[in-house]
Amino acid sequence: MSGEEEENAAELKIPDEFLKAKCLMNCEVSLILEHKYEQLQQMSEDPMNQVSQVFEKSLQYVKRFSRYKNPDAVRQVREILSRYQLAEFELCVLGNLCPETVEEAINMVPSIKTRGRAHDDEAIEKMLNDLSLIKKFE
């Protein structure tokens, strides 16, 4: 992206380093932080001694806003969304917010209808149905 072009995430006009960056959904961060928390508990007789307040608050936040709790469900969500050639941040927005309708998905991530690989409403509906099945059986 040229330096003069205005950034616009809705149209995926963002710097290349952000387009190529690996993003994590809240549920993925939750799994990572929970694992680290367990490690810290095992290493110390007083688990709170090893955990900073920022770590604790971060863990509480991602646990609260994670839509998927089961590690297998988390993996399936990423697999399903990856099939649709989404940018990393698009994948994470959809995985975090779990829109229920095509209209909601497009309003949350307008770029899924642009950028040459525009998904038709049927493809978006299928993606949302696949995600809702995971949530239903979790």
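Residues numbered from 1 in each chain as written. Predicted model: local features only at pLDDT ≥ 70, side-chain atom pairs only at ≥ 80, totals over all residues. Heavy atoms only, no water.

**Observations regarding helix 5 (residues 71-82)**
Right, on to step 1. Taking 1.5 Å per residue, twelve residues should reach 16 Å; helix 5 reaches 17 Å between its end C-alpha atoms and fits that length.
Right, on to step 2. What helix 5 keeps buried is the set Ala73, Val74, Val77, Arg78, Ile80 and Leu81. Buried residues of helix 5 fall within an arc of 165° about the axis and therefore sit on the same side.
Right, on to step 3. Capping the start of helix 5, Asn70 holds a side-chain oxygen 2.6 Å from the backbone nitrogen of Asp72, two or three residues further along. (Helix = DSSP H or I, 4+ residues; strand = E, 2+ residues; numbered from the N terminus. Expected span 1.5 Å × (residues − 1). Buried < 20%, exposed > 50% of the residue type's maximum accessible area, 1.4 Å probe, protein only. Arc of directions from axis to C-beta. Polar contact = N/O pair within 3.5 Å; in protein donor to acceptor, adjacent residues only side chain to side chain.)

**Some words on the layout of surface pockets**
Right, on to step 1. If you add up the space inside the largest pocket, you get close to 170 Å³.
Right, on to step 2. Every residue lining the largest pocket is listed: Arg67, Tyr68, Cys98, Pro99, Glu100, Leu128, Asn129, Leu131, Ser132 and Lys135.
Right, on to step 3. Counted by class, the lining of the largest pocket contains five nonpolar, two polar and three charged residues. (1 Å grid on protein atoms, 1.4 Å probe; cavity = no way out; pocket = protein on both sides within 12 Å on 5 of 7 lines; lining within 4 Å. Points joined across faces, edges and corners; volume = space filled by probe spheres on them. Nonpolar A, V, L, I, M, F, W, Y, C, P; charged D, E, K, R; others polar.)

**Overview of the packing of aromatic side chains**
Right, on to step 1. Following the criterion strictly, the structure yields two aromatic pairs and no others.
Right, on to step 2. Measuring from ring centre to ring centre gives 6.5 Å for Tyr37 and Phe55, while their planes differ by 15°; the resulting arrangement is stacked. Placement of Tyr37 in helix 2 (residues 26-43) and of Phe55 in helix 4 (residues 53-65) is noted, with a sequence separation of 18 residues between them. Side by side, Tyr37 and Phe55 carry an identical accessibility label, which is buried.
Right, on to step 3. Summarising the aromatic geometry, the rings of Tyr61 and Phe65 are spaced 4.8 Å apart at their centres and angled 45° between planes, so their arrangement reads as tilted. Here Tyr61 pairs with Phe65, and both are found in helix 4, just four residues apart, close to one helical turn.
Right, on to step 4. For Tyr61, a relative accessible area of 47% corresponds to the partly exposed category.
Right, on to step 5. For Phe65, a relative accessible area of 36% puts it in the partly exposed group.
Right, on to step 6. In this arrangement the basic side chain of Lys135 is found over the ring face of Tyr68, its NZ or CZ atom lying 5.6 Å from the centre. (Phe/Tyr/Trp six-rings, centres within 6.5 Å; stacked < 30°, edge-to-face > 60°. Lys NZ or Arg CZ within 6 Å of the ring centre and 35° of its normal.)

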